[in-house]
Amino acid sequence: MPEDKERYYGKNLQQKLNIIKDFGEREEAGHVCFFIEESSKTQAELLEANKKEVLLSYCDFAGLRASSNWRKIQIAEVYSGYLQENLWIFLMIIPQENFSSFLRFSKCRNGESVALDTEEEWRALYIMVCQGLMEPYYEMRKTGTVFGMEFAKGMADRIIKYYRDRRNFGETAPAAVYLPPELRAGCWKNVGKGYVRLDERVRKILMYYGMLNTKKLYEVLLECYQYRFDYEAFMRFLMLRMRLLEMVQTAYNRDSKERWAALGGFPIADACMEMGEAAIEYRPASSSQLEERERFILLLVRPLAAALLLNHTDGNGDDVEIYLEYLISAVQLRAPWEFFSQFLQRMTDRRDRRQEMEMWRCVSSLFLKLPVYSLGGYSRMEYAALHQMKNPYEIHNGTRRPQALVKNPPLFYRPYAMQWELFCRMDKNMEEPGNGLSGKTGGV
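Residues numbered from 1 in each chain as written. Predicted model: local features only at pLDDT ≥ 70, side-chain atom pairs only at ≥ 80, totals over all residues. Heavy atoms only, no water.

A.B. asks: What exactly am I supposed to notice about the sheet that holds strand β7 (residues 248-253) here?
C.D. replies: In sheet architecture, strand pairing relies on hydrogen bonds along the backbone and comes in two forms, parallel and antiparallel. Across the sheet, which stays open at both edges, the three strands sit in the order β6-β8-β7 with antiparallel pairing between neighbours. The open sheet is flanked by β6 (211-213) and β7, the only strands paired with a single partner. Between one strand axis and the next, the sheet turns through 25° on average, direction left out of account. Note: β6 against strand β8 (residues 258-263), three bridges, orientation antiparallel. Of the residues in β8, the one forming a bridge with Met 211 is Ala 262. Running at roughly 125° to β7, helix α11 (residues 231-243) makes contact with β7 and β8 of the sheet. (Pairing = 2+ DSSP bridges. Helix = DSSP H or I, 4+ residues; strand = E, 2+ residues; numbered from the N terminus. Axes fitted to C-alpha atoms, helices over the stretch in contact; angles between N-to-C directions. Contact = heavy atoms within 4.5 Å.)

A.B. asks: What am I meant to see in the packing of helix α10 (residues 214-225) against α11 here?
C.D. replies: In the contact formed by α10 and α11, the axes pass within 11 Å of each other and the chain directions differ by 105°. Judged by the inter-axis angle, α10 sits roughly perpendicular to α11. Of the residues in α11, those in contact with Thr 214, Lys 215, Leu 217, Tyr 218 and Leu 221 of α10 are Tyr 231, Phe 234, Met 235 and Leu 238. Residues of the contact of α10 with α11, tallied by class, amount to seven nonpolar, one polar and one charged. (Parallel < 35°, antiparallel > 145°, perpendicular 65-115°, else oblique. Nonpolar A, V, L, I, M, F, W, Y, C, P; charged D, E, K, R; others polar.)

A.B. asks: Looking at this structure, how should I read the pairing of β7?
C.D. replies: Direction of pairing for β7 relative to β8: antiparallel, over a ladder of six bridges. By the bridge assignment for β8, Gln 249 is matched with Ala 262. Between the end of β7 and the start of β8, which pair antiparallel, lie four residues, with Lys 257 showing a positive phi angle near 55°.

A.B. asks: What's the story with unusual backbone geometry in this structure? I'm lost.
C.D. replies: Phi angles above zero are rare outside glycine, and Glu 246 is one such case at about 60°. For Glu 246, the location among the structural elements is in the loop between α11 and β7.

A.B. asks: Would you mind showing me how to read the packing of aromatic side chains here?
C.D. replies: Where two aromatic rings form a pair, the distance of their centres and the angle of their planes describe that pair. Within this structure, the stated rule accounts for 38 aromatic pairs. Look at Tyr 163 and Phe 169: their rings are 5.2 Å apart centre to centre, the planes differ by 35°, and that puts the pair in the tilted class. Phe 169 carries the same exposure label as Tyr 163, and that label is buried. Put simply, the rings of Tyr 323, Tyr 326, Trp 337, Phe 339, Phe 340, Phe 343, Trp 360, Phe 367, Tyr 393, Tyr 416, Trp 420 and Phe 423 touch in pairs and so form one group of aromatic residues. Note that Lys 41 overlies the ring of Tyr 9, its terminal NZ or CZ placed 5.5 Å from the centroid. Geometry around Tyr 208 places Arg 293 over its ring, the cationic atom sitting 5.3 Å from the centre. (Phe/Tyr/Trp six-rings, centres within 6.5 Å; stacked < 30°, edge-to-face > 60°. Buried < 20%, exposed > 50% of the residue type's maximum accessible area, 1.4 Å probe, protein only. Lys NZ or Arg CZ within 6 Å of the ring centre and 35° of its normal.)

A.B. asks: So what exactly am I meant to see when it comes to the side chain of Asn 168 here?
C.D. replies: Assignment of secondary structure puts Asn 168 in the loop between α8 (155-164) and α9 (188-209). At a separation of 2.9 Å, a polar atom in the side chain of Asn 168 contacts the main-chain carbonyl oxygen of Tyr 162. Among all residues touching Asn 168, those that are not within four sequence positions of it are Tyr 162, Ala 173 and Ala 175. (Polar contact = N/O pair within 3.5 Å; in protein donor to acceptor, adjacent residues only side chain to side chain.)

A.B. asks: Help me understand the environment of Asn 18 in this model?
C.D. replies: Position of Asn 18 relative to the elements: it lies in helix α1 (residues 13-26). Residue classification places Asn 18 among the partly exposed residues on the basis of a relative accessible area of 35%.

A.B. asks: Whenever I open this one, the nonpolar core confuses me. Can you help?
C.D. replies: The nonpolar side chains of a soluble globular protein tend to be buried, and buried together. The biggest cluster of nonpolar side chains holds 106 residues, and the ones touching the most others in it are Phe 90, Phe 105, Met 134 and Tyr 163. Among the elements that take part in this core, α9 stands out by supplying nine residues, more than any other. Excluding residues that lie within four positions of it along the chain, Phe 105 makes contacts with Phe 34, Ile 36, Val 114, Leu 116, Glu 121, Ala 124, Leu 125, Met 128, Met 134 and Phe 151. (Core = buried A, V, L, I, M, F, W, Y, C linked by side-chain atoms within 4.5 Å.)

A.B. asks: I keep staring at the pattern of salt bridges and nothing clicks. Help me out?
C.D. replies: Note on pairing: side chains with opposite charge can pair once their charged atoms come close. The full count for this structure, using the stated rule, is 19 salt bridges. The closest approach of N and O atoms between Arg 7 and Glu 37, which form a salt bridge, is 3.0 Å. Here Glu 37 lies in strand β2 (residues 32-38) and Arg 7 lies in strand β1 (residues 6-8), a separation of 30 residues in the sequence. Arg 7 sits in the partly exposed class, given a relative accessible area of 24%. In this structure Glu 37 comes out as buried when scored by relative accessible area, which is 13%. Its salt-bridge partner being Glu 182, residue Arg 201 comes within 2.6 Å of it at the nearest N-O pair. Here the residue Arg 201 occupies a position in helix α9, and Glu 182 occupies one in the loop between α8 and α9, the gap between them amounting to 19 residues. (Salt bridge = Lys/Arg side-chain N within 4 Å of Asp/Glu carboxyl O.)

A.B. asks: So what exactly am I meant to see when it comes to the environment of Lys 369 here?
C.D. replies: By secondary structure assignment, the location of Lys 369 is in helix α16 (residues 353-369). With 14 residues separating them in the primary sequence, Lys 369 and Tyr 383 have C-alpha atoms 9.8 Å apart. In this structure the side chain of Lys 369 is engaged in a polar contact, spanning 2.9 Å, whose partner is the side chain of Asp 427.

A.B. asks: Is there a simple way to explain a positive patch on the surface in this structure?
C.D. replies: Together, Lys 107, Arg 164, Lys 189 and Lys 193 give the surface a local cluster of positive charge. Here Lys 189 is to be found in helix α9. We classify Lys 189 as partly exposed; its relative accessible area is 48%. (Patch = residues over 30% accessible without salt bridge, like charges linked within 9 Å, V, L, I, M, F, W, Y side chains within 5 Å. Areas by Shrake-Rupley, 256 points an atom, 1.4 Å probe, with all protein chains shown as cover. Lys, Arg positive; Asp, Glu negative; His and termini not counted. Charge placed at Lys NZ, Arg CZ, Asp CG, Glu CD.)

A.B. asks: Is there a simple way to think about the packing of α9 against α10 in this case?
C.D. replies: The angle between the axes and the distance between the axes are what describe a pair of packed helices. In contact at an axis separation of 10 Å, α9 and α10 are set at 115° when each is read in the N-to-C sense. Once α9 is placed against α10, the crossing between them reads as right-handed. Taken together, the residues of α10 that come into contact with α9 (itself represented by Leu 198, Arg 201, Val 202, Lys 204, Ile 205, Leu 206 and Tyr 209) are Leu 217, Val 220, Leu 221 and Tyr 225. A per-class count over the contact of α9 with α10 returns nine nonpolar, no polar and two charged. (Left-handed = near helix turned anticlockwise from the far one by under 90°.)

Next comes the structure, spelled out in C-alpha cells:
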C-alpha cells in the first residue's frame, strides 16, 4: 500500500469499533474490502485502548494477578503475555463459528486486500480488535476513503505456525484438557468441537437449576459427564470463555465468598445477595435428566408463547420473547403469586373469560412447574410433593391469601386452594402420557 497517508485510528476501543461499524454501514457493495498490514504496535499496546476495568476483568477471568493501582500498559502486558504463552486460548475466547475467519485474517500477507462479507467475519473482527490483535483505521486518499487493519506486531505468523502444529492440540496438550471422554484430540477443529459441547452442557445444567454456585456447577458437570479437569481449569473456561462471550453471567457474594452463575436475562446480582449462606436441597441430576428437562421447559413455555402471540402482542414476536424472559426470571427468582396476578390483570384486561382462563392456566403452569433457584432446581410442584405440602401456590408466599379487588374477582385473585384445585383438574386433562409435564418428583 502507498506510504505516508493520512490515517485515523481512534483513541479508545469504542472509537476503533465505530470505525468498523461506520465503514460497514457506508459500504454499498455486497461485501467490504479492506487491507491488512502489520502494526508497529504490540498486542499490549493495542489492548491499552480498553478501559482499565475491562483489562482487570480479563486478568481476573484468566486467573491472573493484576492491581487497579497499575498503569494500563502494565495490566495489558500481563494479559497479553498470558495469551502469547497460551496461544490455544484464542480457540477458547473466539466462538467456533468465527474461528475460521480469525485464521484467515492471520494468514494475510502485509498489504493484502481481504473481502469481508458474512456476519461471522464481522464478529471475528470485533473480537480481534477487543483482544488487541488488530487495529482498524481510515485512510484518506484522493480517490476516497479506504479501510484498513493492522495486525499486532509479530502475532500473525506466530498464530498460524501454532495452529498448523497438531502437537499443540494432542491428547496431552493444555488445549485438550476440556475435551469430554467421548471426543478425541488431534487438531484445533476437534478441540473446538469439545469446547462447544462443554458450552452446551453447562447451559443445560443452569437451565435445570436456574442458578448455581460455581463449585456445585462444577460438581454436577463432572458427575453427569465424567470430565477430568480440576476446578481451577473449569473456572478459567467458565469466565474466560462463557462469561466473556456472554453465554452465562456471574456474580460474587462477598459475605459467603461464593461465585454464582446463571444464564442470560436472569437478574443474578440481586439473587446472589439474597442467597447468602442458605442451605439448599439440590434436585438430583443425570445427563439424561438434563436432556429431558430441557425438552420439558420448551414444552412448558410453548403454550404461553402461543397465548401471548395470539392475544396480547399484535403478532409481534419480539414482544413475546420479552414477556417470556420477564416471567421465567420472575419464577426462578421466587416472585410471589401477587406479581403474576398483577401481570395477568394487565394482560387480560378487556378480554373474555375464556381468554382469561387460558392465560391463567399457562402462567400458573410456568409458576408451578419451572425450576426455582432457591429450591435447588425443584419446581414448586416437585418441592411440594417431596415435602408433602398441600398447595405449591403458597411456596415463597407464606399463607397469605390473594385479596379480591372487585366483587366478582378474576380467577387469579381467588384463594390459593381454589386455584390449586382447578389447576389440578385442568392439568390432568391437558397432560398427555409421556410428555414430561407431570409435577411428580419422579418425572422430569
